[in-house]
Amino acid sequence: YFEMKQVICWRATASIAWAVLLLPPTTAVFVILSRFSIFHPMQWLSECLSLLLSINAIFSLILLSGVIIMVGFLNLEYYTVIPTIACSKIALLGQLLHPRQFFSSLVHGVMGMVVGWCCAVTVGGRYETLGYSCQQSDDGGPSQMCLNEYHLFLLLSGVFMGFSHSLLGVIHNMNYVPFHTIQQYKYLRFKESIPLVVKCSASQALYSMRNFIVLYFFLGKSSRLQSWLFTSLITLLKFDESSAHALDTVGGLLDLSLLYHTWISGTFLLFTWYTTLQLFRIFVTELYSFPVQSSFTDNAHQCLAKVIAEKQPIILKFLALQDLALLSQHSPLRRAEVFSLSQPGGHPHNWIAVSKECLSLLSDLTQRLVTYHDTVATNGRAKSLSTGSERKSSSGTSDSCLGPLTAPFTPDLDSPFSSPALRRLTAPVEQCSPWHGTVQSPHIARRGHKLWSTSADSKTNGSLPPSPAPVPPPKQEASKPSFMAQFLLNRRDQVWTTAPLAPRMTSFFVFNVQLPEASSQALFADSQAHIWALEGLSYLVQASFTEDQFGVVQTTLPSILSSMLVLQEAVDRHFKLPHASSKPVRCSSTMGDCSYKTLRFALRAALKTALYRITTTFGEHLNAVQLSSEHRKKLQHFLEYKE
């Protein structure tokens, strides 16, 4: 798949090239706004023109181009088409403190400092250099160099904004690359996104500047960190400490000129980075046409069905499914290739390969939903997924909040942070206990019987099979922990024993409790692939009514209908859960795409639309299809438009 990976690399390179080409006009706008003067317009324009043609501006453009290339490389390295959803606050904290993310934040901080230096040099005046000439005494003593805190303020603000941009990228899933439903030209998509980029850049720069000013004020020269920084700079560059500007006061920080130039510099930084990110999304998600069949064996791995079957790279799988959904709607010639027979032999290899992979995707999602329902039905206690049966998404990566699954307020007893008191409270009931074999709460029994019970003849009527009873794992010999592990366990138990109970429980539930919709969102995080599989299958089945000359689709029509109906039953059961049917809060104006939060609703609509598309095309002919009695009854509701 080296040739196919090259397609993604070339697209990323093209997006970086366009971002670098857009850098000179963006810099010109920044120069005009940073040196704005309403009372001297001619002098303002002449200064801007001379600055843009100076050596400093050319050198700054070279540095900014290097920063843009680095940002584009980080976008290519950290992007994903399946969002990473943190199911609890402690999981989100773990993502922020991950070593890979720490490296990204460090690199963004350094790049922010470089952009801040370029902005300070471009603005000029009192921001131009780190040191300035000052007089040591009033009696005409020798001139010395003093630390220019205005220049340092812009450098530190660039570091802070770069670091904040990296952290907010994790929180808002900015590395998530969404696929647009409506296909547009790249120029139109970029033109449409410019107002959003400008708005997000200006607003985020304003918030970051506010936070940085507060942090700078409270971390004044009285703090050890800033005192060490100032002392090191003054000692290294041999500046005069007595004449340095003091910006750690309210009057010094409320300088309107300083605030304006800090905000405009932050807006310029975020605008260039957001533009690079938006261009990367547009170029990478552009439609790619895969061959349905190949005449040469060397190019067989590039065929549509082969790419759909592969797990990595996941973006090629998504591009192939997108191509399948579009060719099934708008390309009669390529649909004819799908319905064609192989020569010699006369076998429908193309249709079998495409339908097999699509049905496999739907089956995986159905099994995932059934496993989730079984776990929630037992309140996350009796049934925990084993290591070999943990749910794997279509990308080959597992979601941290789905395996093993727990109820929203069920603590993880295997965690090293769980208390001995919680373990005693949630220990399994002994057989000699009077509670053994009884239900402690009638509400639990009624809820389980109402929502999750299955009839005895579920296998014969086509509904989902009942979940097997939990089998207790075999007892293993207790291995003696090491000295260091035993020491840490003793210290932990000592802290839990001596600390008050209320703060312990409060902190535990605040950080370990699951977010309301996180588990449902993580369950459907990769549902865009299933939506395309549903659309591709349904449109191909619809077109086969008039275009399938050999009847290759009719052989798999029962399995297609059964898979869709079983998936619809599982989706309907999922939407009966709390928070599953509630609409998410409207996303704020950020560059992070929030469409993944509504993927479960889009999947349910696409599934119902696919079934209606097939039933309205075939009509009463579907009565001849071999289906179970339960599925036939369900299909009759679609024929009568009762769903």
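Residues numbered from 1 in each chain as written. Predicted model: local features only at pLDDT ≥ 70, side-chain atom pairs only at ≥ 80, totals over all residues. Heavy atoms only, no water.

### Section: the overall build of the protein
Secondary structure summary: the protein contains 24 helices and 2 strands in total. Taken over 643 residues, the protein has a buried fraction of 46%. At a minimum sequence separation of 6, the contacts of the protein that also span at least 24 residues come to 78%. (Helix = DSSP H or I, 4+ residues; strand = E, 2+ residues; numbered from the N terminus. Buried < 20%, exposed > 50% of the residue type's maximum accessible area, 1.4 Å probe, protein only. Contact = heavy atoms within 4.5 Å.)

### Remarks on the UniProt feature "transmembrane region" (unreviewed entry) in the protein
Using the residue numbers shown here, the UniProt feature "transmembrane region" (unreviewed entry) corresponds to residues 12-36, 48-72, 102-123, 152-175 and 263-284. Taken end to end, residues 12-36 is 88% helix and 0% strand, and its first and last C-alpha atoms sit 36 Å apart. The annotated region residues 48-72 carries 92% helix and 0% strand content, and the separation between its end C-alpha atoms amounts to 29 Å. (UniProt positions renumbered as here; feature names shortened; annotations may be inferred.)

### Focus on the packing of aromatic side chains
Applying the stated rule across the entire model yields 20 aromatic pairs. For the ring pair tyrosine 127 and tyrosine 150, a centre distance of 6.1 Å and an interplane angle of 80 degrees mean the geometry is edge-to-face. Of this pair, tyrosine 127 sits in the loop between helix H6 (99-123) and strand E1 (131-135) while tyrosine 150 sits in helix H7 (residues 149-171), placing them 23 residues apart in sequence. Across this residue pair, the class does not change: tyrosine 127 and tyrosine 150 are buried. With a centroid separation of 5.7 Å and an interplanar angle of 50 degrees, the aromatic rings of phenylalanine 212 and tyrosine 216 are classed as tilted. (Phe/Tyr/Trp six-rings, centres within 6.5 Å; stacked < 30°, edge-to-face > 60°.)

### Overview of the pattern of salt bridges
For the structure on display, the rule yields 8 salt bridges. Between glutamate 286 and lysine 186 there is a salt bridge; the shortest N-O distance is 3.2 Å. On the criterion of sequence distance, the pair formed by glutamate 286 in the loop between helix H11 (256-284) and helix H12 (304-309) and lysine 186 in helix H8 (residues 186-218) is long-range, its members being 100 residues apart. Exposure remark for lysine 186: the relative accessible area of 31% places this residue in the partly exposed category. Between glutamate 547 and arginine 335 there is a salt bridge; the shortest N-O distance is 2.7 Å. (Salt bridge = Lys/Arg side-chain N within 4 Å of Asp/Glu carboxyl O.)

### Observations regarding the packing of H6 against H7
Helix-helix packing is described using two parameters, namely the angle between the two axes and the distance between the axes. Remark: H6 packs on H7, axes separated minimally by 7 Å, with the N-to-C direction vectors making an angle of 145 degrees. In this structure, H6 crosses over H7, and the sense of that crossing is right-handed. Contacts from Gln101, Ser104, Ser105, His108, Gly109, Gly112, Met113, Gly116, Trp117 and Ala120 in H6 reach His151, Leu154, Leu155, Gly158, Val159, Gly162, Phe163, His165, Ser166, Leu167 and Val170 in H7. Residue classes in the contact of H6 with H7 are distributed as 9 nonpolar, 12 polar and no charged. (Axes fitted to C-alpha atoms, helices over the stretch in contact; angles between N-to-C directions. Left-handed = near helix turned anticlockwise from the far one by under 90°. Nonpolar A, V, L, I, M, F, W, Y, C, P; charged D, E, K, R; others polar.)

### Notes on the side chain of threonine 27
Note on placement: threonine 27 falls in helix H2 (residues 23-34). With relative accessibility at 10%, the residue threonine 27 sits in the buried group. In this structure threonine 27 touches Leu61, Leu64 and Phe268, once residues within four positions along its chain are discounted.

### Remarks on the packing of H8 against H11
Across the interface, H8 lies against H11 with an axial gap of 7 Å and an inter-helix angle of 145 degrees. Every pair of crossing elements has a handedness; the one defined by H8 and H11 is right-handed.

### Remarks on a nonpolar patch on the surface
There is a patch of nonpolar side chains on the surface, built from Val29, Leu33, Phe36, Ile38, Phe39 and Tyr260 and spanning about 640 Å² of accessible area. Looking at the secondary structure, you find valine 29 in helix H2. (Patch = residues over 30% accessible without salt bridge, like charges linked within 9 Å, V, L, I, M, F, W, Y side chains within 5 Å. Areas by Shrake-Rupley, 256 points an atom, 1.4 Å probe, with all protein chains shown as cover.)

### A short note on the environment of glutamine 101
Positionally, glutamine 101 belongs in helix H6. For the pair glutamine 101 and serine 166, spaced 65 residues apart in the sequence, the C-alpha separation amounts to 8.1 Å. Excluding its chain neighbours within four sequence positions, the residues that come into contact with glutamine 101 are Gln95, Leu96, Ser166, Leu167 and Val170. Polar side-chain contacts of glutamine 101 include one of 2.9 Å to the side chain of serine 166. (Polar contact = N/O pair within 3.5 Å; in protein donor to acceptor, adjacent residues only side chain to side chain.)

### Some points on H2
With 12 residues, H2 extends 16 Å between its outermost C-alpha atoms, agreeing within 8% with the 16 Å of an ideal straight helix rising 1.5 Å per residue. Among the residues making up H2, those that are buried are Leu23, Thr26, Thr27, Ala28, Phe30, Val31 and Ser34. (Expected span 1.5 Å × (residues − 1).)

### Regarding unusual backbone geometry
Of note, asparagine 173 is a non-glycine position whose phi angle comes to about 55 degrees, a positive value. Secondary-structure assignment places asparagine 173 in the loop between H7 and H8. The exposure class of asparagine 173 is buried, given its relative accessible area of 5%. Positive phi is not limited to glycine here, since tyrosine 641 has a value of about 55 degrees. Tracing the sequence through the fold places tyrosine 641 in the segment after helix H24 (629-639). Tyrosine 641 gets classed as exposed once you look at its relative accessible area, which sits at 56%.

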